[in-house]
Structure formats: structure tokens, C-alpha cells
Amino acid sequence: MLVSFSLESMGNSSNSQTSLGTAGDEAEKENSICRKKSSLWPLRNCDYYKTEFESCNAYKSKVFQRFVYGHTQDCSKWKDYYESCLKFETSKDEEDVANLLEAERERREEWMEGSKANDVWEYRDKPPEEWEQPWDRAEHENRHFTSFFKEYREQCRAPVSKDGKPSNQTKLTPDVIQKGPKITRIL
Amino acid sequence: MAKKADSDAELEELRRHVVGDMTTSTPEVADQHVRSKAPYVNPVFFNVTKTWAPATVMIWTSWHRRCEKEIVRCVREDPLIKTVLTAMEKKGCPVDLLRHVVCENCHYPGILTRDYGFFDREINQIYLCANQVQNKQIRHVFLRELIVAYDHCRAKIDVTSVTQEACTEVRAANLSGECTSLRKMWKSYPLTTLGKINGMHKECVRKRAVDALQKSFSGKPRRELRAAVDQVFERCYNDLDPLGRRPRRGSAADAANAYTDSQFMNH
């Protein structure tokens with residue numbers, strides 16, 4: 001069960017849109033009326049914490065941790081999170097999961113801090129203009145070769161633009177990436 | 001579809017077109033990666049098509065098609081590449097494979113050296129050398145160039161400044177899993193891998209960033225590039241957008257968890 005974060009608790013979150021929008025609205029309503037001031041609504045699959053614990057404890061990853069950090073990491077926290085996640089599934093009590101929620105919040109903050117602390121360059125407001133400029137593939141493509149990308153595009157759904165007319169370019173949205181077309185051989 | 005030479009004179013012209021006029025230019029600006037001005041035509045294939053093999057043989061055995069097929073497989077199946085692609089889409093740069101990714105045959109840069117590919121900033125395209133990159137390597141090269149493209153998408157990178165290029169190279173080496181395989185470390189630091197493994201990831205990233213910078217800024221001495229990398233290293237090493245972690249090569253669970261992280265954090 002995946003549900004989005006409630007925006008009140010996150011404070012200064014730049015992303016106002018959530019990919020899982022409906023569940024977030026419900027959680028917000030519940031939070032405002034029925035629940036205490038809650039923080040995150042936990043909802044990852046608990047297996048996530050289990051796999052993190054297992055991959056933390058594996059021999060190869062211990063070597064990798066030494067390689068990167070110089071010391072091995074303490075893996076007990078992942079086990080705690082896994083157990084509290086399981087408890088929450090049965091009891092639905094927020095106190096069980098308080099440590100989980102704090103950890104997720106901190107992780108998200110760290111993630112954002114890492115990119116904000118990088119002041120080497122100036123961040124853009126808009127994407128670069130040359131990204132969408134067309135590029136004539138037929139000019140540059142060698143006549144000997146056929147394009148596999150063309151098959152992939154022809155068999156993908158072409159997204160409909162704002163005008164209502166189908167656009168020439170298929171964009172790699174998450175749906176297309178996950179489903180993908182069924183490609184058959186032409187030769 | 002195949003271009004056949006009708007006479008010997010045309011053959012000679014084509015050969016001259018391929019072999020002759022191979023002057024290398026050294027511009028002062030970064031991105032000295034040059035697209036192959038003359039297309040690289042493998043002489044074996046050429047002779048085969050001239051004598052008896054039909055065009056279908058060239059297409060079946062072409063590096064071009066194999067390279068593109070592998071990229072499509074990565075886009076569909078590999079979670080780290082999917083995270084970067086969704087992150088780029090959210091920043092406003094959706095990746096269209098026909099427009100932004102190109103597999104072409106490149107001329108070999110030297111004996112026992114390989115040029116895998118680069119990100120072209122003028123055209124905004126990922127350029128892969130299909131005749132020099134193996135299927136197993138395409139995933140790593142593609143991820144690396146996607147990170148460079150992601151940086152280009154979200155920040156204004158000055159092409160003439162060494163420090164900003166150094167930052168992208170550090171991040172690309174850090175996040176694309178280049179420094180995670182012990183075999184590679186053995187190749188570059190043969191004796192130190194036995195004695196000292198702790199904290200060598202940073203050294204590996206530094207070295208690879210400087211090597212990559214040398215290709216872009218071939219005129220500058222290595223000291224200068226090394227100094228630029230050191231100046232910029234801490235900030236860029238800890239910037240883990242868009243993956244959120246340093247992925248460990250060979251663990252599918254790590255990659256899958258990175259994908260779920262990016263979706264959950266809505267990043």
C-alpha cells in the first residue's frame with residue numbers, strides 16, 4: 001500500500017504534485033479531522049526494509065561499505081524498521097511506527113540537502129531549449145542500417161497533445177517504460 | 001537499401017572517403033569528443049556485401065541494431081535507468097530514444113583503447129560507439145551519460161569552466177557504478193587493493209573523473225584538472241540526485257530499492 005506524504009508535516013517540500021494523488025487527499029482529510037497531527041502515513045511494502053536489512057548484512061555489501069565509507073554500517077536499524085512496520089500492519093497504531101516515519105523524513109531531507117549544498121553550478125528554472133529541438137535522423141543515419149528504435153516507437157502508444165491531435169514524438173512516460181511494446185522481428 | 005559500388009572507381013572513392021582526411025582538430029572548448037566525420041565502415045562487411053551477401057546479412061549482424069536493442073532492454077528492465085529517466089521527465093526533459101540517443105560506429109582512438117560514448121551538449125544527444133561497446137557495458141555507459149544529461153537538464157553548465165565539468169564527471173563516476181567492481185580497482189590500483197580497501201571509492205572516483213576530463217580538455221595539464229576536481233569534490237560527491245544512493249554493482253535488490261525510493265519520495 002503506497003500512499004503519499006501529507007504536505008503539512010513535510011514543511012518546505014517543493015513538489016506539490018504527488019504521483020499517487022487520491023490517496024494523499026484522503027490521508028490529509030483523515031489527518032485533519034480524525035487523527036492527531038501525524039506525520040507520514042507509512043506505506044511502503046514492509047519487504048523493502050527486509051531486503052535492505054539483508055543487503056546490508058551480506059558479505060559483498062560489507063566489503064562495499066568498507067570500500068566507500070571506511071567502516072561497516074550498523075544494520076540493526078533496518079531490522080527495527082521491519083519489525084515496527086509489521087506491528088503497524090496489525091495494530092494500526094502510529095506510536096509503533098514513529099521511528100520509521102522519522103527515518104523516512106530524515107532521509108528525504110538528506111537527499112534534498114545533498115543537491116542544495118551543491119553550489120558549483122546555477123540551477124535552471126526551465127529545461128534547456130535545445131532539448132526539444134528536432135534533429136533529422138535521416139540525414140545522419142547510415143543507409144545500411146535500420147533503426148530498432150523506430151519499431152519501438154511505432155508500437156508504443158503515441159501520447160495525445162493538448163490540441164487533441166496525436167503528437168509526432170512518443171515520450172518515455174513511466175507507463176510506457178513499464179509496459180513496453182511487444183516487438184516482433186521483421187526479418 | 002544497401003549502397004553498392006558499381007565499379008572499381010567508385011570503390012576507390014569510397015575508400016578514400018573513409019581513410020583519407022583524418023585530421024584531428026583540437027578546439028579549446030570542452031567536449032572534444034568528435035563525432036565520426038567519415039563513417040566507420042568495417043572492411044570485412046564491405047567486401048562481403050560487394051561479393052555475395054545480401055543487405056539482410058549486414059542488418060542482422062550490424063552493431064547498430066544490437067546496440068539499440070540493448071538500450072531498449074535497459075529502458076524496459078533496468079530500475080536505475082528507469083529512475084533517471086523518470087527524474088528527467090519530471091525536470092522537463094523527457095527522453096525520446098529516436099531523438100536523444102544515437103548508436104553509431106566510431107573510429108578507434110588508438111591501439112587497445114576504446115571510446116564508449118559521450119553526451120553531446122550542442123545537440124543534446126547521447127552518442128554511443130556501437131562497434132566498440134559490448135552488450136554488458138552498454139548499461140553502464142548509458143547510465144553514466146544519462147547522469148550527465150540529467151545534470152545538463154537541471155543546471156546551467158558552463159562549457160568552458162573546468163570546475164563545473166569536473167562536478168558532472170565526479171557525479172557520473174560516483175553514481176554509475178564504475179568504481180564498484182573490484183576487478184577494475186585491481187586494474188588501476190593493482191597492489192593497493194590488497195592492502196587498503198577502506199575508503200578507496202573516493203580515490204577511484206577522483207581518478208576516473210580526471211581521466212574523463214582529460215578527454216574533454218586535452219590541452220590542459222593533469223595537475224590543473226586534478227586541482228579542479230579536488231576543489232569541487234566534497235560537494236559533488238555527496239550530491240546523490242536522482243538515485244539517492246551509490247548503487248552496488250551486481251545487486252538487483254539495491255537497484256530495485258533505489259527505484260522504489262525515487263517513486264516513494266516523489267523525486
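Rules behind the numbers
- Residues numbered from 1 in each chain as written.
- Chains lettered and ligands numbered in written order.
- Predicted model: local features only at pLDDT ≥ 70, side-chain atom pairs only at ≥ 80, totals over all residues.
- Heavy atoms only, no water.
- UniProt positions renumbered as here; feature names shortened; annotations may be inferred.
- Helix = DSSP H or I, 4+ residues; strand = E, 2+ residues; numbered from the N terminus.
- Buried < 20%, exposed > 50% of the residue type's maximum accessible area, 1.4 Å probe, protein only.
- Contact = heavy atoms within 4.5 Å.
- Areas by Shrake-Rupley, 256 points an atom, 1.4 Å probe, with all protein chains shown as cover.
- pLDDT = per-residue confidence, 0-100.
- Pairing = 2+ DSSP bridges.
- Axes fitted to C-alpha atoms, helices over the stretch in contact; angles between N-to-C directions.
- Salt bridge = Lys/Arg side-chain N within 4 Å of Asp/Glu carboxyl O.

As recorded in an unreviewed UniProt entry, chain B goes by Mitochondrial inner membrane protease ATP23 and comes from Lingula anatina.

An unreviewed UniProt entry lists chain A under the name Synaptic plasticity regulator PANTS, with Lingula anatina given as the organism. For chain A, the Subcellular location (unreviewed entry) comment in UniProt is given as "Synaptic cleft". UniProt annotates chain A under Sequence similarities (unreviewed entry) with the comment "Belongs to the UPF0545 family."

A. Quick look at the overall build of chain A. Secondary structure assignment for chain A yields 9 helices and 1 strand. Scored against the burial criterion, the 187 residues of chain A give a buried share of 34%. Partitioning the contacts of chain A with sequence separation of at least 6, the portion at a separation of at least 24 is 52%. Counting only carbon and sulfur atoms, one obtains 48% of the accessible surface of chain A, whose full area is about 12500 Å².

B. Just the confidence of the model for chain A, in detail. Residues and elements named next belong to chain A. Of the residues in chain A, 52% have a pLDDT of 70 or more, and the chain-wide mean is 69. Confidence drops under a pLDDT of 50 for residues 1-24, and excluding neighbours within four residues, the segment shows 41 contacts in the predicted structure. Low pLDDT (under 50) marks residues 29-40, which in the prediction has 21 contacts with non-local residues, meaning those over four places away or in another chain.

C. Quick peek at the sheet that holds strand S2 (residues 117-120) of chain B. All names here are of chain B. Strand order across the open sheet formed by 3 strands is S1-S3-S2, with mixed pairing between neighbours. On the outer flanks of this sheet lie strand S1 (101-104) and S2, each paired with one strand and no other. Taken over all neighbouring pairs, the strand axes of this sheet differ in orientation by 20 degrees on average, direction set aside. By the bridge criterion, 4 bridges tie S1 to strand S3 (residues 125-129) in an arrangement that is parallel. Looking at the pairing, Glu 104 lines up with Cys 129 of S3.

D. View of the environment of Ser 216 of chain B. Along the chain, Ser 216 of chain B turns up in helix H11 (residues 200-216). Separated by 48 residues in sequence, Ser 216 of chain B and Phe 264 of chain B have C-alpha atoms that sit 37 Å apart.

E. How the structure looks around the pattern of salt bridges. Evaluation of the coordinates by the stated rule reveals 24 salt bridges over all chains. With its nearest N and O atoms 3.0 Å apart, the salt bridge here joins Arg 171 of chain B to Asp 151 of chain B. With Arg 171 of chain B in helix H8 (residues 162-175) and Asp 151 of chain B in helix H7 (residues 135-154), this residue pair connects regions lying 20 residues apart in the sequence. For Arg 171 of chain B, a relative accessible area of 0% corresponds to the buried category. Classification of Asp 151 of chain B as buried rests on a relative accessible area of 0%. Three or more residues are tied together by salt bridges with common partners; here these are Glu 52 and Arg 107 of chain A together with Arg 245, Asp 254 and Asp 261 of chain B.

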